[in-house]
Amino acid sequence: MKVHEYQAKEILDQYGVAVQRGIVADTVEEAVEAAQTMAADGVTQFVVKAQIHAGGRGKGGGVKFCPSIDDVKPAAEKILGMQLITPQTGAEGQLVRKVLVTAAEDIAHEYYLGVTLDRATGMDVIMASTEGGVEIEEVAEATPEKIVKVHVDPTTGLRSYQAREIAFQLGLEGTAFKEGVKFVMALYKAYRASDATIAEINPLVKTEDGRIIALDAKMDLDDNAMFRHKDLAEMRDEAEEDPLEVEAGKHNLNYIKLDGNVGCMVNGAGLAMGTMDLIKLAGGEPANFLDVGGTASPATTEAGFRIIQSDPNVKAILVNIFGGIVRCDRVAKGVVEAASNMELTVPLIVRLQGTNAEEGMQILKDSGLPIQTAIRLQEAADKVTAALDA
Ligand code: GDP
Ligand code: MN
């Protein structure tokens, strides 16, 4: 689950991570009020920042520096309601519904600092670089030696000597070194405590007056842990998510939208991925990943069909069910019931294998519905490609 920059900064602040001051606003009036509130505290320069679930906002015109308080209103007017296009949003961009008004900082240096899980070693890895502010992927590509990596042993946690190593490698000295060490320790604590999968500060800055603070913050939280973080779960902003994925979530369907033309509905994540591979090998492109789980009921099957069909790119649907715990005849009844309840607008190919597969196939045939069946997966994939060409 992604959260906005302002929310990530709230979380980090709770764990003692030094973040740039700011107030979030939904309207131009609120943005001006936010600036006035900070001005009363002595702030004279501001930055107005679009809040969307995508990075690279600066490049797309979503981050505006305001040298005086009078510049805040026009900046907020410009950003709120804009369709912000960044390298991460795709060509259609993302509508900006909120802005964060921050106290502008005088930057002496921009660094990169991030934490995530390194699956190869099974340990959290803290990455730091003196090349902050720019895209870290480019740094990793062109000058990998400029990224310092420190792995955290899960049995001991982050040790203070490791945080000192990072601050040292960033070239921090004096007070900035001490603040840097504290920052790294607090960031890791926040990452662990909130069950984040990523906590990324780009840029982490050293200000002209020597403070170390987060100017930007990106956090991804583990969906599967949100049951134990009610406060964090409330930070979810469905308006930023794919509407089909939101709908699928309501039916407990594991759905991820993709760009292809073959919708697929499969039980089990591994089989779903194998099915997507086969669709590709047969010349199609999967339109989604959808794992209906082990207990595909007629209701969830119907919800799955509706979600798949509401994607206009879908030209054919492949249902691939292996009957283990779930019996194929039951699945077939579900498919028939769902397909009779709604209008199927694209060819449907169903492959059933496993427990009661033959009974299941018979049910599909007897239904009189235009459902094509297949026994082998290759056969199913070929029928899908043929349907696409038809
Ligand atoms: P992103 O483009 O979505 O990653 O948004 P950021 O929050 O990282 O902002 C982009 C860039 O704007 C930063 O790398 C900074 O160079 C600049 N910026 C943001 N806030 C400030 C600020 O307070 N002072 C100055 N001087 N620059 C800022
Ligand atoms: Mn950034």
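Residues numbered from 1 in each chain as written. Chains lettered and ligands numbered in written order. Predicted model: local features only at pLDDT ≥ 70, side-chain atom pairs only at ≥ 80, totals over all residues. Heavy atoms only, no water.

Trainee: In this structure, what is going on with the sheet that holds strand E3 (residues 63-66)? I would like to understand it.
Mentor: Pairing between sheet strands relies on hydrogen bonds along the backbone, with the strands arranged either parallel or antiparallel. Pairing is antiparallel in the open sheet, where four strands are placed in the order E1-E6-E2-E3. The open sheet has two free edges, formed respectively by strand E1 (22-25) and E3, since each of these has just one partner strand. Between one strand and the next, the sheet's axes are offset by a mean angle of 20°, whatever the strand orientation. In the sheet, strand E2 (residues 46-50) pairs with E3 via four bridges, with the strands oriented antiparallel. Within E3, the position partnered with Phe46 by the bridge is Cys66. (Pairing = 2+ DSSP bridges. Helix = DSSP H or I, 4+ residues; strand = E, 2+ residues; numbered from the N terminus. Axes fitted to C-alpha atoms, helices over the stretch in contact; angles between N-to-C directions.)

Trainee: Looking at this structure, how should I read the layout of surface pockets?
Mentor: Where empty space is left in the structure can be found by rolling a water-sized probe over the atoms. Estimated volume of the largest pocket: approximately 1300 Å³. Lining of the largest pocket is provided by 33 residues; of these, Arg236, Glu241, Asp242, Glu245 and Tyr255 occupy positions nearest its centre. Secondary structure elements with two or more residues in the lining of the largest pocket: strand E12 (218-221), helix H8 (243-250) and strand E13 (254-257). With five residues, H8 is the single largest residue contributor to the lining of the largest pocket. Split by residue class, the lining of the largest pocket holds 10 nonpolar, nine polar and 14 charged. Quantified by volume, the second largest pocket comes out at close to 1000 Å³. Mapped by element, the contributors of at least two residues to the lining of the second largest pocket are E2, strand E7 (107-118), helix H4 (136-142), strand E10 (196-207) and E12. Residues of the lining of the second largest pocket, tallied by class, amount to 18 nonpolar, 12 polar and 12 charged. Per-domain counts for the lining of the second largest pocket show at least three residues from each of domain 1 (21-103) and domain 2 (107-233). (1 Å grid on protein atoms, 1.4 Å probe; cavity = no way out; pocket = protein on both sides within 12 Å on 5 of 7 lines; lining within 4 Å. Points joined across faces, edges and corners; volume = space filled by probe spheres on them. Nonpolar A, V, L, I, M, F, W, Y, C, P; charged D, E, K, R; others polar. Domains from an automatic or database assignment.)

Trainee: I'm lost on helix H1 (residues 5-14) in this one. Help?
Mentor: Spacing of three or four residues puts side chains on the same side of an α-helix, whose turn is 3.6 residues. For H1, the buried fraction is high: seven of the 10 residues fall into the buried class. The complete set of buried residues in H1 reads Glu5, Tyr6, Gln7, Ala8, Lys9, Ile11 and Leu12. Within two residues after H1, Gly16 carries a phi angle of roughly 85°, on the positive side. (Buried < 20%, exposed > 50% of the residue type's maximum accessible area, 1.4 Å probe, protein only.)

Trainee: Even after reading the chapter, I still don't get the coordination of the manganese ion (ligand 2), so can you show me in this structure?
Mentor: Geometry reference: four tetrahedral donors at a metal, ideal angle 109.5 degrees. Six octahedral donors, ideal angles 90 or 180 degrees. Within the protein, the atoms that donate to the manganese ion (ligand 2) are Asn202 (O) and Asp216 (OD), at distances of 2.1 to 2.2 Å. Taken together, the residues span a long stretch of sequence, with Asn202 in strand E10 and Asp216 in the loop between strand E11 (212-214) and E12 at a distance of 14 residues. The class of Asn202 is buried, set by a relative accessible area of 16%. (Donors = N, O, S within 2.8 Å, 3.2 Å for Na, K, Ca; no water.)

Trainee: Would you mind showing me how to read the domain arrangement of the protein here?
Mentor: By a widely used convention, the size of an interface equals the accessible area lost when the partners come together. Split into domains, the protein comes out as domain 1 (21-103), domain 2 (107-233) and domain 3 (243-389). Computed over C-alpha atoms only, the centres of domain 2 and domain 3 are separated by 42 Å.

Trainee: Looking at this model, I keep getting lost on the pattern of salt bridges. Mind explaining?
Mentor: Between side chains of opposite charge, a pair can form as their charged atoms come close. Counted by the stated rule, this structure contains 19 salt bridges. For Glu5, the salt bridge is made with Lys49, and the minimal N-O distance between the two is 2.7 Å. Within this pair, whereas Glu5 is found in helix H1, its partner Lys49 is found in strand E2, the two being separated by 44 residues in sequence. Both residues of the pair, Glu5 and Lys49, count as buried. (Salt bridge = Lys/Arg side-chain N within 4 Å of Asp/Glu carboxyl O.)

Trainee: Looking at this structure, how should I read the UniProt feature "domain: ATP-grasp" (unreviewed entry) in the protein?
Mentor: UniProt records the feature "domain: ATP-grasp" (unreviewed entry) for residues 9-230 in the present numbering. Spanning residues 9-230, this segment combines 29% helix with 30% strand, and its end C-alpha atoms are found 18 Å apart. (UniProt positions renumbered as here; feature names shortened; annotations may be inferred.)

Trainee: Help me understand the packing of helix H2 (residues 28-39) against helix H3 (residues 72-79), please; the structure alone is not making it clear to me.
Mentor: How two helices pack is summed up by the angle between their axes together with the distance between the axes. In contact at an axis separation of 9 Å, H2 and H3 are set at 145° when each is read in the N-to-C sense. In the crossing of H2 with H3, the sense of the turn from one axis to the other is right-handed. Here Val28, Ala31, Val32 and Ala35 of H2 lie close against H3, whose contacting residues are Val72, Lys73, Ala76 and Glu77. Broken down by class, the residue content of the contact of H2 with H3 amounts to six nonpolar, no polar and two charged. (Left-handed = near helix turned anticlockwise from the far one by under 90°. Contact = heavy atoms within 4.5 Å.)

Trainee: Just to check I follow, could you spell out the UniProt feature "binding site: ATP" (unreviewed entry) in the protein for this structure?
Mentor: As recorded in UniProt, the feature "binding site: ATP" (unreviewed entry) lies at Lys49, Gly56, Arg57, Gly58, Glu105 and Glu110. In the annotation above, Lys49, Gly56, Arg57, Gly58, Glu105 and Glu110 are the residues that line the second largest pocket. When residues no more than four places from it in sequence are discounted, the contact partners of Lys49 are Glu5, Lys9, Gln20, Arg57, Gly62, Val63, Lys98, Val99, Leu100, Thr102, Leu215 and Asp216. Along the chain, Glu105 turns up in the loop between strand E6 (99-103) and E7.

Trainee: I'm lost on the site of ligand 1 in this one. Help?
Mentor: In the region of ligand 1, 16 residues are neighbours, and Lys49, Arg57, Gly58, Glu105 and Glu110 sit closest. Contact between ligand 1 and Lys49: an oxygen atom at 2.6 Å from a side-chain N or O atom of the residue. Interatomic distance of 2.9 Å between a backbone N/O atom of Glu105 and a nitrogen atom of ligand 1. For ligand 1, the protein covers 77% of the area, taking 570 Å² as the surface of the free molecule. (Near = heavy atom within 4 Å. Polar contact = N/O pair within 3.5 Å; in protein donor to acceptor, adjacent residues only side chain to side chain. Areas by Shrake-Rupley, 256 points an atom, 1.4 Å probe, with all protein chains shown as cover.)

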